[in-house]
Amino acid sequence: MGIGARLNWLRAGVLGANDGIVSIATLVVGVAGATASVGALATAGVAGLVGGAISMALGEYVSVSSQRDSEKALIAKERHELTEMPEEELAELTQLYRARGLSAETASRVAEELTAHDALAAHLEVELHIDPNDLVNPWHAALSSALSFTIGALLPLLAILLTPAEVRVPVTFAVVLLALAVTGTISAKVGSSRVGRAVTRLIVGGGLALLVTWLLGTLLGATGVF
Ligand SMILES: [Zn+2]
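These figures come from a predicted structure and were not determined experimentally.

The next thing to look at is unusual backbone geometry. The phi angle at His129 is positive, at roughly 55°, despite the residue not being glycine. Structurally, His129 can be placed in the loop between helix 4 (104–128) and helix 5 (138–162). On the basis of relative accessible area, His129 is assigned to the exposed category, the value being 61%.

As structure tokens, then:
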């Protein structure tokens, strides 16, 4: 796997973890605003975790599958063109190398040698930028996004279930903000952007989401309707 592909996996993993952290934290903090029942917290948290992980996996499976289908269609079309009109395809490859800055002579030599070696691979690389050995498996993508969501979700879930009732909510707030600082730092490093800005955005956004759902839960709990 190339470095670009590896960075994409890392980026997807961090995004999945962020989703798990924020969605499950807001869920359990909202419930904790309404009730002190550990049973209710555990039920809501576990249901949210499982539902969220499945939804992430499904979304990822569908999106990677359709991307893969279109890549496979392009590969089939290219293979067909190479058998039907090899002359035109050679000229096309030569032209692509000329456009990259090679002289006419060098471009035609490179195109001829690559065509003799593996014409399809050469066209896929230069023309379509596809590496047929590097197509993402939709099952892998689905599994890894469900896994990263679950890892993220476990942080607020364990924080709220394992701490005494009086400090439950503040401890969960702290754990979530700390976790978001870590994921924000990783994603900023991966995207080589400024760490401070990425972390601030995540912490402000996540903190606001927690505050809103906790207040909402407290209000709903105080009405006594439920
Ligand atoms: Zn071609």
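Before going further, it helps to spend a moment on the packing of aromatic side chains. Aromatic ring pairs are defined here through the distance separating the ring centres and the angle between the ring planes. A complete count under the given rule lists one aromatic pair for this structure. Consider the rings of Tyr61 and Trp139, whose centres lie 4.9 Å apart with planes at 55°: the pair is tilted. Linking Tyr61 in helix 2 (residues 38–84) with Trp139 in helix 5, this pair joins segments that are 78 residues apart in sequence.

Side chains of residues three or four places apart in an α-helix project in the same direction, reflecting 3.6 residues per turn. An ideal rise of 1.5 Å per residue puts 36 Å on 25 residues; helix 5 measures up with 36 Å between its terminal C-alpha atoms. The sharpest bend along helix 5 measures roughly 25° and falls at Leu154, with the proline Pro156 sitting one to four residues further on. Among the residues of helix 5, the N-terminal cap falls to Asn137, whose side-chain oxygen and the backbone nitrogen of Trp139 are separated by 2.7 Å.

Glancing now at helix 7 (residues 195–223). End to end, helix 7 covers 42 Å across 29 residues, agreeing with the expected 42 Å (1.5 Å per residue, within 8%). Those residues of helix 7 that sit buried are Ala198, Val199, Gly206, Gly207, Leu210 and Gly217. Here the buried face of helix 7 lies against helix 1 (3–34) and helix 6 (168–190). Looking one or two residues beyond helix 7, the residue adopting positive phi is Gly224, at roughly 75°.

The next subject is the environment of Val190. Mapped onto the fold, Val190 is located in helix 6. Residue class for Val190 comes out buried when judged on its relative accessible area of 14%. Counting along the chain gives 183 residues from Val190 to Leu7, while the straight-line C-alpha distance between them is 6.7 Å. If sequence neighbours within four positions are ignored, Val190 has contacts with Leu7, Leu10 and Arg11.

On to the packing of helix 6 against helix 7. As a packed pair, helix 6 and helix 7 sit with axes 8 Å apart at the nearest point and diverge in direction by 150°. One finds that helix 6 runs roughly antiparallel with respect to helix 7. Crossing of helix 6 against helix 7: the hand is right-handed. Here Val169, Phe173, Val176, Leu177, Leu180, Ala181, Thr183, Gly184, Thr185, Ala188 and Lys189 of helix 6 come into contact with helix 7, specifically with Val195, Ala198, Val199, Leu202, Ile203, Gly206, Gly207, Leu210, Leu211 and Trp214. Looking at the contact of helix 6 with helix 7 residue by residue, the classes come out as 15 nonpolar, five polar and one charged.

Residues Ile24, Val28, Leu41, Phe149, Ile160, Val176 and Leu210 are the most contacted members of the largest nonpolar core, which totals 24 residues. Among the secondary structure elements, those contributing two or more residues to this core are helix 1, helix 2, helix 5 and helix 6. Among the elements that make up this core, the one with the highest residue count is helix 1 (seven residues). Apart from residues no more than four positions distant in its own chain, Leu210 is found in contact with Ala25, Thr26, Val29, Phe173 and Val176.

So, about the packing of helix 2 against helix 3 (residues 86–99). Between helix 2 and helix 3, the least distance of the axes is 5 Å, while the angle of their chain directions is 115°. The segment helix 2 lies against helix 3, with Glu78, Glu81, Leu82, Thr83 and Glu84 engaging Pro86, Glu89 and Glu92. In terms of residue class, the contact of helix 2 with helix 3 is made up of two nonpolar, one polar and five charged.

Conventions we followed
- Residues numbered from 1 in each chain as written.
- Predicted model: local features only at pLDDT ≥ 70, side-chain atom pairs only at ≥ 80, totals over all residues.
- Heavy atoms only, no water.
- Helix = DSSP H or I, 4+ residues; strand = E, 2+ residues; numbered from the N terminus.
- Buried < 20%, exposed > 50% of the residue type's maximum accessible area, 1.4 Å probe, protein only.
- Phe/Tyr/Trp six-rings, centres within 6.5 Å; stacked < 30°, edge-to-face > 60°.
- Expected span 1.5 Å × (residues − 1).
- Bend = angle between axes of the 7 residues up to and from the residue.
- Polar contact = N/O pair within 3.5 Å; in protein donor to acceptor, adjacent residues only side chain to side chain.
- Contact = heavy atoms within 4.5 Å.
- Axes fitted to C-alpha atoms, helices over the stretch in contact; angles between N-to-C directions.
- Parallel < 35°, antiparallel > 145°, perpendicular 65-115°, else oblique.
- Left-handed = near helix turned anticlockwise from the far one by under 90°.
- Nonpolar A, V, L, I, M, F, W, Y, C, P; charged D, E, K, R; others polar.
- Core = buried A, V, L, I, M, F, W, Y, C linked by side-chain atoms within 4.5 Å.

Taken by themselves, the reported measurements are silent on function.
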